[in-house]
Amino acid sequence: MAHIVVVGAGTGGMPCAYELRAELGREHEVTMINEREYFQFVPSNPWLAVGWRERSHITFDIRPHLERKGINFIAKRVDKIDAKNNKLELDGGEVIEYDYLVIATGPRLAFEEVEGSGPQAHTHSICTVDHAEKTYEAYKALLEDPGQVVIGAMPFASCFGPAYEFSFIVDSDLRKRKLRDKVPMTYVTSEPYVGHLGLGGVGDSKGFLESDFRAHHINWITNAKVIKIEAGLMFIEQYDDSGHKIKEIELPFKFSMMLPAFKGVDAVANVEGLCNPRGFVFVDDHQRNPTYGNIYAAGVCIAIPPVEATAVPTGAPKTGYMIESMVTAIVHNIADTLNGKEGTTLATWNAICLADMGDTGAAFVALPQIPPRNVAWFKKGKWVHMAKIAFEKYFIRKMKKGTSEPIYEKYILKMLGIGKLK
């Protein structure tokens with residue numbers, strides 16, 4: 001009997017545990033370890049941050065749903081990975097041994113890289129449900145005393161979609177409240193142009209998003225390196241595409257949500273030979289670490305080089321369908337290894353995203369995620385807004401049910417009329 005441990009109960013880790021249980025059968029033990037007792041559907045955080053959702057809508061207790069499927073659950077933080085001896089040390093000193101380890105921790109939010117940033121300082125975040133709730137409290141204060149809003153992403157950020165979503169969601173909410181005329185808005189980003197998305201653009205994402213920013217009276221600053229933040233004031237260096245500094249900007253604000261750079265969580269980053277300098281796990285084509293052959297990784301925590309060099313550093317995003325594909329590859333490769341065969345399943349690193357824009361939405365498909373691509377399109381419409389609302393309910397329902405089916409493939413690909421991607 002083998003013991004497979006999954007660390008991190010997010011949108012990659014939870015499906016991974018369910019798939020492992022379904023694929024491996026009861027003769028093998030599957031354990032999920034997560035720092036918190038609850039699952040949070042992170043894509044809904046922009047809605048929570050303006051009061052369109054409540055915490056109870058997008059979170060649920062993990063334990064009963066995993067245990068019903070015969071999956072062990074431990075709600076503790078992993079403090080140390082002893083990769084050479086196949087052991088994990090948990091908060092409080094408990095030691096867990098494993099035969100195979102799947103790392104799906106997501107990132108550590110590196111607010112410390114920009115002085116004065118983060119929920120404990122002068123900007124807000126929508127990266128966790130706790131942060132989104134705190135952002136909503138600040139947003140309510142803005143409604144009482146309107147003023148300049150700054151939204152965007154810091155240097156080394158790799159997840160730009162939520163910043164665009166939140167910009168348009170705030171715009172939509174303010175319009176509904178008849179307050180938009182009292183709130184100047186600026187989008188500040190390390191991207192070289194609006195619509196880059198960490199992907200080198202998708203289709204005409206640049207044209208689409210620039211046009212929508214103009215239509216919604218949202219100003220923008222690209223190639224922006226945020227240097228530091230003080231109460232109500234953001235200090236920015238702006239660069240040209242060649243990397244030469246062209247301007248220093250002091251941008252005042254009443255309310256700001258800035259997505260931080262990501263790094264690997266400490267327990268993962270501290271393992272010698274496992275990660276790159278920023279703490280992201282090296283994986284081969286089969287999602288397996290080259291140094292430690294019984295360690296696999298999926299999601300935001302893996303190392304993917306930037307799509308291209310940019311004047312201000314940006315990273316490549318890991319989107320939901322892409323993560324789902326990684327998880328399925330891991331499960332099949334572990335199953336093959338347990339059956340004495342060489343794991344040969346490859347993840348399909350394709351990017352498919354539904355982005356809400358308040359009262360409309362945008363969908364993009366990049367096949368593969370890194371250009372040149374076989375397919376690249378970007379479309380907009382009310383249908384995307386409605387599809388994302390429906391997908392939220394569908395995904396949470398499937399996680400509670402304990403499905404081992406590929407959720408993105410069953411829902412989004414069918415909805416887009418794409419079919420299975422190769």
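Residues numbered from 1 in each chain as written. Predicted model: local features only at pLDDT ≥ 70, side-chain atom pairs only at ≥ 80, totals over all residues. Heavy atoms only, no water.

**Q** Please explain the overall build of the protein chain as it appears in this structure.
**A** Within the protein chain, the regular secondary structure consists of 11 helices and 22 strands. Rg of the C-alpha trace for the protein chain: 21 Å, near the compact-globule value of 22 Å for 422 residues, within the 12% margin. Seen through its principal axes, the protein chain has C-alpha atoms that stretch 65 × 40 × 40 Å. Put simply, the protein chain has 422 residues, and 58% of those count as buried. Across the protein chain, the 48 positively charged side chains and the 51 negatively charged ones have centroids separated by 5 Å. (Helix = DSSP H or I, 4+ residues; strand = E, 2+ residues; numbered from the N terminus. Rg over C-alpha atoms; globule rule 2.2 N^0.38 Å. Buried < 20%, exposed > 50% of the residue type's maximum accessible area, 1.4 Å probe, protein only. Lys, Arg positive; Asp, Glu negative; His and termini not counted. Charge placed at Lys NZ, Arg CZ, Asp CG, Glu CD.)

**Q** Just checking my understanding: could you explain the sheet that holds strand β11 (residues 149-153) for this structure?
**A** In a beta sheet, neighbouring strands pair by backbone hydrogen bonds and run either parallel or antiparallel. Pairing in this open sheet of 4 strands is parallel, and the strands run β13-β12-β11-β17 from one edge to the other. Among the strands making up the open sheet, the edge pair consists of β13 (218-221) and β17 (255-259). Going across the sheet, the axis of each strand differs from the next one's by a mean of 15 degrees, ignoring polarity. As paired elements, β11 and strand β12 (residues 185-189) share 5 bridges and run parallel to each other. When the bridges of β12 are listed, A153 appears paired with T189. (Pairing = 2+ DSSP bridges. Axes fitted to C-alpha atoms, helices over the stretch in contact; angles between N-to-C directions.)

**Q** Is there a simple way to think about unusual backbone geometry in this case?
**A** Across the chain, the bulk of peptide bonds are trans and the bulk of non-glycine residues have phi less than zero. At the junction of L367 and P368, the peptide bond is cis and its omega measures out at -5 degrees in the coordinates. Among the secondary structure elements, P368 is positioned in the loop between β21 (361-367) and β22 (375-380). Residue H217 is not a glycine yet carries a positive backbone phi of 60 degrees. Relative to the helices and strands, H217 is located in the loop between α7 (205-215) and β13. The class of H217 is exposed, set by a relative accessible area of 62%.

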